[in-house]
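Structure assessment
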Number of protein chains: 2
Amino acid sequence: MREISAPKKGKNSNKRFMAARKKYTISDIARELNTTSSTISRALQDSPRISLKMRKAAQELARLHNYEPDFRASSLRKGNSKIIGILVPKIDRHFFATVLSGIDEIAAPAGYSVLICQSFESFEKEKQLVKNLMHGRVDGIISSISIQTTDYSHFEQVIAKGLPLVFFDRVCESLKASKVMIDDYQGACMAVEHLIDNGCRNIAHFSGPQHINVYRDRTRGYFDTMKKHGLEVNDQLIIKDAITRDAGCQAMKKILKLKNLPDAVFSSGDYSALGAILCARDAGVIIPDEMAFTGFANEPWDSFIDPPLTSIDQHAFEIGKQAATLLLQQIESTDSVFVPRTLVLSPELVIRTSSVRKVLT
Amino acid sequence: MREISAPKKGKNSNKRFMAARKKYTISDIARELNTTSSTISRALQDSPRISLKMRKAAQELARLHNYEPDFRASSLRKGNSKIIGILVPKIDRHFFATVLSGIDEIAAPAGYSVLICQSFESFEKEKQLVKNLMHGRVDGIISSISIQTTDYSHFEQVIAKGLPLVFFDRVCESLKASKVMIDDYQGACMAVEHLIDNGCRNIAHFSGPQHINVYRDRTRGYFDTMKKHGLEVNDQLIIKDAITRDAGCQAMKKILKLKNLPDAVFSSGDYSALGAILCARDAGVIIPDEMAFTGFANEPWDSFIDPPLTSIDQHAFEIGKQAATLLLQQIESTDSVFVPRTLVLSPELVIRTSSVRKVLT
DNA sequence: TTATTTTATACAATCGATTGTATAATAATT
DNA sequence: AATTATTATACAATCGATTGTATAAAATAA
C-alpha cells in the first residue's frame, strides 16, 4: 500500500477547514424572519395555520441555506427514527445481499433507511447488536438468526418492548413475530423428486445444522420423498454439517471410498455441491451420468460452472420485499393488538446439466 | 406464496399487544430513587461526583429494568450519532459487500453502526441519499460513486458542512476528501504483461465507462503496456462499456466476425470476461490456447468456472478496513484543519487456467 | 464555635424540532 | 360601535439525556 501525497497547488490548498461552522437551525431562520421557531416549523410543513407569505419566506430561506431538519431532534420529538434495522449473519453472501436489496426496494420509497448489522454467525455478537438496535435507534427489525443461536431471549425482549420484528429464512419458530420464508421442505422434495425422475435411486444428502429450520426442513423433505418412492436411505450417505465448499469436498472424498457409490447427491447448499462436484470430477466421476447433483440457493455462478448446477431458487429479492412490507405494516399500524403473520414462498427448481441424465429404465 | 395461519392454542394466543408500554427513562429511575435525572445520568456513567451508594443503586435499577439510554436523546445532546453512512451503487455485488464487511470490521469494535444506502447506479438517487444522510443522521460517509455521476455538488455540500467523507474505488478525484483505492493502472499492466508473457500479441480489451476513474485507469494500463512492448492496438478490439456478462458476450460475437482474431482478451470486469468466454467456447474457440482471458475483480466464482479465470484481486476487505480507519480518524480528530489522504493498495494478479498457455515462441 | 473545604445532590439550560394553548390583531357580524 | 369569529403568531412544554453551576450538608481546619 502506498499513499499519494496531494499535489501542492498553493498554501494549504489541500487542507480542509473542519466544521467550526455552526449548524443552521430552525431558530436561525426564525431569527432572520423575526419570528419564532414554532412558526417556522409549521411554515416548513406548509401548515395552513401559517400565512402564505410567511410560509414562502421560510421555505425560501430554508432552501437558500440548504436547511434540513435535524434527524435526531425530530425523531426524538416524534418518537420514531425512520430507520429499519437489519440483522443478518453475513452481508457478503449473495442470498442475504439480495434479500437486502428487496428490503430496500420497499423501504426506501416509504422513507425508511436501512441500518445493517452482521452477526458473523456469532450468538454473542447477535445479542449485542439486538441490544444496540433497541433503544430508539430503529423503528423495527428484520432478522435472520445466526447459526449459533439457540437461545432467543434477546428477540423476546424486542417483542416485549413492542418493537416490530420480522424474521426471514432462518426464523425462530416459537416467537410471536412475523416470518417470511420459502418452503424449504417443498424445495427439497422438488429436488429429490427431480433426481428420481432422472433415474437416480441411491441418493446422498448433504445438509447443515439441524437446529436451523431451513436445514431441518430440507432434510425432512429428502427423507419423505425417498420414503414416498420406496427408496432406501443409506446412513453413510447422509452428511450433516456440510454446507461449505470445503465440507462438500471432504464429504465427497469420504463417499468415494464406499463400495456402494450413490448415483446422486442432493445438497442443502450450492457451495457444498460445488465442492463435491469438483472433488468427484477430479476422481474421474462422470457428471451427471454416473452421479447427478442438485444444490440449494441458486447462486449466481450455478449457471456457469462445469457442469452447470441444478438448484433451488429461494426468491431472495421477493423475501426481502415481503419482509419489509410486513414490517412497515406493523410499524405503521395503529391497532393496539398485532397478529403475527407467516408467509411462505414457493421455491423454484432450476434445472441444469448437473442433474439431467439419459434415463436408463 | 401462501400464508400459514397460526395454530389457535387459546384465546388471543397469537396476538401480541403492542407497546402501549411507556418507555422507561432516566427520570423513572430518578423518581424511584428520590433524586433527579442528572444524578442518575452521572451515576450510570460512574461519575466520581456521585456517591458510590447512589451509583450502585442506579445501576442496579437500570439493569433490573433493562434500561439503556435513548439513542436519539443522547445523540442530540452529544452532537453525534455513532453511525457511519455507506453509499454504494449496489450491495449485492460481491466487491461492495466485501468492502462493507471490511468497514464493519473496524467500525463495530469502535462503537459505530453502519447505515447502508444503495444508489442503484442512479445519480438522482445518490443525490437524494446524500442529502438524507447529512443532517445529523450520520457522523461520516463512506462512498463509491454511481456510474452515472459526473456532477459532484452533493458531495461538495457534505464537505462544506464539515461532515467527514471518504471515497473508495470509484472516487471523485477533484474533491478534497480522503480516498482509498487500488492501483487500477498497475492491475491492468500486470494483467496485460501476464498475457504477453504467455505469448499473446494481439490483445483485445473490454472496459467500462471512461468517466469512471477505475475503468479509465485500467484502459490506460492496457494501452501503456501494449505500447511498452511495441504491440499494435487494433481499434476494433477495444470495446468500451462492456462490463456485464451480456455485454461481454455481445462483444465477443462481434469480435468473432473479424478476419483477424485476437489471441487474448483483457477485460476490466469478470462478468464481461465470463460472457466472452462462454460465447467463445460455444463458437469452438479453444481457451486459452487460441484465446487467453483475464478479468478484473477476482469474483468468488472465478476459480470454479471452466476454465478458471485469471483475474486481478482488489483486496476489497482491506479497502473497507482502510476506508473505515481513515473515516474514524477524521471523525474523532480534534484538529481544526484536516488534510485529506489518498491510499492506494496494490492489486494482485491471480493466475488461473484461462490465461496460461504453452508459449509458442 | 466559627470559618473553610469537601462532598453529594439539586437546579436549570441545552441539543433542535414539534405541537397544544394562549394571545394579539384583524375581519366579520349584529 | 360593540361583539363575535377568524387569522396569524407567540409562548411554553415536550421528547430524554447531558452537563455546568449552585446549594445544602457534612467534614475538616482554625
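Focus on the packing of helix 5 (residues 94-107) of chain A against helix 12 (residues 316-332) of chain A
All names here are of chain A. Where helix 5 meets helix 12, the axes come as close as 7 Å, and the angle between the chain directions of the two elements is 45°. Here helix 5 lies oblique to helix 12, going by the angle between them. Once helix 5 is placed against helix 12, the crossing between them reads as right-handed. Counting all contacts with helix 5, which are made through F95, T98, V99, S101, G102, I103, E105, I106 and A107, the residues of helix 12 involved are A316, F317, I319, G320, K321, A324, T325 and L328.

A word on the sheet that holds strand 8 (residues 203-206) of chain A
All names here are of chain A. Strand order across the open sheet formed by 4 strands is 9-8-10-11, with parallel pairing between neighbours. Edge strands, defined here as strands with exactly one partner in the open sheet, are strand 9 (238-239) and strand 11 (292-294). Where strand 10 (residues 264-267) and strand 11 come together, 3 bridges link them in parallel fashion. In the sheet register, A264 faces strand 11, and the bridge partner there is A292. Contacts from helix 9 (residues 213-228) reach strand 8, strand 9 and strand 10, with the element oriented near 165° to strand 8. On top of the sheet, helix 11 (residues 270-282) reaches strand 8, strand 10 and strand 11; it is set at about 160° to strand 11, its chief contact.

Remarks on the protein's contact with DNA strand D
Close to DNA strand D lie 27 residues, the nearest being T35 of chain A together with S38, R49, Y67 and R77 of chain B. Within the side chain of R77 of chain A, one N or O atom sits 2.7 Å away from a base oxygen of DNA strand D. One nitrogen or oxygen atom from the side chain of R42 of chain B is found 2.7 Å from a base nitrogen belonging to DNA strand D. Contributions of two or more residues to the surface near DNA strand D are made by helix 2 (37-44) and helix 4 (71-78) of chain A together with helix 2 (37-44) and helix 4 (71-78) of chain B. In terms of residue count, the dominant contributor to the surface near DNA strand D is helix 2 of chain B (4 residues).

Digging into the interface of chain B and chain A
Each partner contributes residues to the interface: chain B has 79 residues there, and chain A has 81 residues. Interface area for chain B against chain A, summed over the two sides, is near 7,500 Å², with a carbon-plus-sulfur share of 54%. Summed over the shared surface of chain B and chain A, the number is 8 salt bridges. Across the salt bridge formed by R341 of chain B and E3 of chain A, the nearest N and O atoms sit 2.8 Å from each other. Linking chain B with chain A are 30 residue pairs in polar contact (both at pLDDT 80 or more), by the criterion used here. Classifying every residue of the side of chain B that touches chain A gives 35 nonpolar, 22 polar and 22 charged. As paired strands, strand 13 (residues 337-338) of chain A and strand 2 (residues 16-17) of chain B are joined by 2 bridges and run antiparallel to one another. Pairing of V337 of chain A across the sheet is with F17 of chain B, part of strand 2 of chain B.

Concerning helix 7 (residues 153-160) of chain B
Within helix 7 of chain B, the full set of buried residues consists of H154, F155, V158 and I159 of chain B. End-on, the buried residues of helix 7 of chain B take up no more than an arc of 145°, which puts them together on one face. Among the structural elements, strand 2 (16-17) of chain A together with strand 3 (83-88), helix 6 (123-134), strand 5 (140-143) and strand 6 (165-168) of chain B are those in contact with the buried residues of helix 7 of chain B.

Quick notes on the pattern of salt bridges
Residue and element names in this part refer to chain A. Enumeration over the complete set of coordinates arrives at 38 salt bridges over all chains. The closest approach of N and O atoms between K90 and D92, which form a salt bridge, is 3.2 Å. On the basis of relative accessibility, which here comes to 22%, the residue K90 falls in the partly exposed class. By relative accessible area, which is 23% here, D92 ends up partly exposed. With a shortest N-O distance of 4.0 Å, D302 and R352 are connected by a salt bridge. Remark: R352 occurs in the segment after strand 15 (348-350) and D302 occurs in the loop between strand 11 and strand 12 (311-313); sequence separation between them is 50 residues. Here R352 falls in the buried class, since its relative accessible area comes to 16%. Through salt bridges with shared partners, one network takes in K23, D70 and R72.

Overview of the side chain of T225 of chain A
Residues and elements named next belong to chain A. As for its position among the elements, T225 is in helix 9. Judged by its relative accessible area of 3%, T225 is buried. With residues up to four places along the chain from it excluded, the contact list for T225 reads C189, V192, E193 and I196.

Overview of the environment of D46 of chain A
Within the secondary structure, D46 of chain A sits in the loop between helix 2 and helix 3 (52-64). D46 of chain A gets classed as partly exposed once you look at its relative accessible area, which sits at 44%.

A few points about the relation of the copies chain B and chain A
Each of the two chain copies can be generated from the other by rotation about an axis followed by a shift along it. Each copy of the sequence occupies a distinct position, and chain B is placed on chain A by a rotation of 180° and an axial shift of 0.1 Å, giving an RMSD of 0.1 Å. Viewed as a symmetry operation, the transformation between the two copies matches a two-fold axis.

Some remarks on the packing of aromatic side chains
Residue and element names in this part refer to chain B. Applying the stated criterion to the full structure yields 16 aromatic pairs over all chains. Between the aromatic rings of F266 and F296, the centroid separation amounts to 6.4 Å while the plane-to-plane angle is 55°, which identifies the pairing as tilted. Within this pair, whereas F266 is found in strand 10 (residues 264-267), its partner F296 is found in the loop between strand 11 (292-294) and strand 12 (311-313), the two being separated by 30 residues in sequence. Each member of the pair F266 and F296 is classed as buried.

Structural notes on the protein's contact with DNA strand C
As a matter of local geometry, DNA strand C sits amid 27 residues, with S38, R49, Y67 and R77 of chain A together with T35 of chain B nearest to it. Sugar and phosphate atoms represent 49% of those atoms of DNA strand C found within 4 Å of the protein. Contact between DNA strand C and Y67 of chain A: a phosphate oxygen at 2.5 Å from a side-chain N or O atom of the residue. Measuring from a phosphate oxygen of DNA strand C, one finds a backbone N or O atom of T36 of chain B at 3.2 Å.

Some points on the domain arrangement of chain A
Residue and element names in this part refer to chain A. The domain boundaries assigned to chain A delineate domain 1 (13-69), domain 2 (82-182 + 316-346) and domain 3 (184-314 + 349-355). Each of domain 2 and domain 3 has a C-alpha centre, and these two points are 30 Å apart. Listed as interface residues are 15 residues of domain 2 and, on the opposing side, 13 residues of domain 3. For the pair domain 2 and domain 3, the summed buried surface comes to about 1,200 Å²; carbon and sulfur atoms form 51% of the total. Contact with domain 3 buries area across many residues of domain 2, yet H94, I147 and I182 alone supply 43% of it, more than any other trio. There are 1 salt bridge connecting domain 2 and domain 3. The salt bridge involving R216 is made with E173; its shortest N-O contact spans 2.9 Å. The tally of links between domain 2 and domain 3 comes to 6 residue pairs in polar contact (both at pLDDT 80 or more). Those elements giving two or more residues to the side of domain 2 that touches domain 3 turn out to be helix 5, strand 7 (178-182) and helix 12. Its residues assigned to classes, the side of domain 2 that touches domain 3 comprises 7 nonpolar, 5 polar and 3 charged.

Description of the sheet that holds strand 8 (residues 203-206) of chain B
All names here are of chain B. Strand order across the open sheet formed by 4 strands is 9-8-10-11, with parallel pairing between neighbours. The sheet terminates laterally at strand 9 (238-239) and strand 11, the two strands that pair on one side only. One ladder, built from 2 bridges, connects strand 8 with strand 9; its direction is parallel. Its bridge partner being in strand 9, H205 is matched across the sheet by I238. Each of strand 8, strand 9 and strand 10 touches helix 9 (residues 213-228); the most contacted strand, strand 8, lies at about 165° to it.

Parameters at a glance
Sequence order sets the numbering: in each chain, residues are counted from 1 along the sequence as written. Labels are handed out in written order, letters beginning with A for the chains and numbers beginning with 1 for the ligands. Totals for whole chains, interfaces and linings use every residue, but because this is a predicted model, local features are given only for residues with pLDDT of at least 70 and side-chain atom pairs only at 80 or more, for both listing and counting. Hydrogen atoms and water are omitted, and side-chain values are computed over all heavy atoms in the structure. To obtain each axis, a line is fitted to C-alpha atoms, and for helices this fit is confined to the stretch in contact; angles are then taken between N-to-C directions over 0 to 180 degrees. Think of it this way: any DSSP run of H or I at least four residues long counts as a helix, any run of E at least two long counts as a strand, and we number them from the N terminus. For classification purposes, an angle smaller than 35 degrees is called roughly parallel, one larger than 145 roughly antiparallel, one from 65 to 115 roughly perpendicular, and anything else oblique. We call a crossing left-handed when the near helix sits turned anticlockwise from the far one by less than a right angle, and right-handed when that turn is clockwise. What makes two residues a contact is simply this: any of their non-hydrogen atoms within 4.5 Å. When DSSP finds two or more bridges between two strands, those strands count as paired. The nearness test applies per residue and asks whether one of its heavy atoms lies within 4 Å of the molecule or strand. Polar contact criterion, stated in full: a pair of N or O atoms within 3.5 Å, where within protein one must be able to donate a hydrogen and the other to accept it, and residues adjacent in sequence count only if both atoms are side-chain atoms. As a working definition, buried area equals the accessible area (1.4 Å probe) given up by two parts on being put together, with both sides summed. Salt-bridge detection follows one rule: a side-chain nitrogen of Lys or Arg within 4 Å of a carboxyl oxygen of Asp or Glu. Just so you know the grouping, Ala, Val, Leu, Ile, Met, Phe, Trp, Tyr, Cys and Pro go in nonpolar, Asp, Glu, Lys and Arg go in charged, and all remaining residues, Gly too, go in polar. Only protein chains enter the accessibility calculation, which uses a 1.4 Å probe; a residue whose area is less than 20% of its type maximum is buried, one above 50% is exposed, and one in between is partly exposed. In this description, the arc belongs to the directions extending from the helix axis to the C-beta atoms. Residues reaching a pLDDT of at least 70 in both copies supply the C-alpha atoms on which the copies are superposed by least squares. Any Phe, Tyr or Trp ring, taking Trp's six-membered ring, that has another such ring centre within 6.5 Å forms a pair; planes under 30 degrees apart are called stacked, those over 60 apart edge-to-face, and the others tilted. For the purposes of this description, domain bounds are those given by an automatic or database domain assignment.

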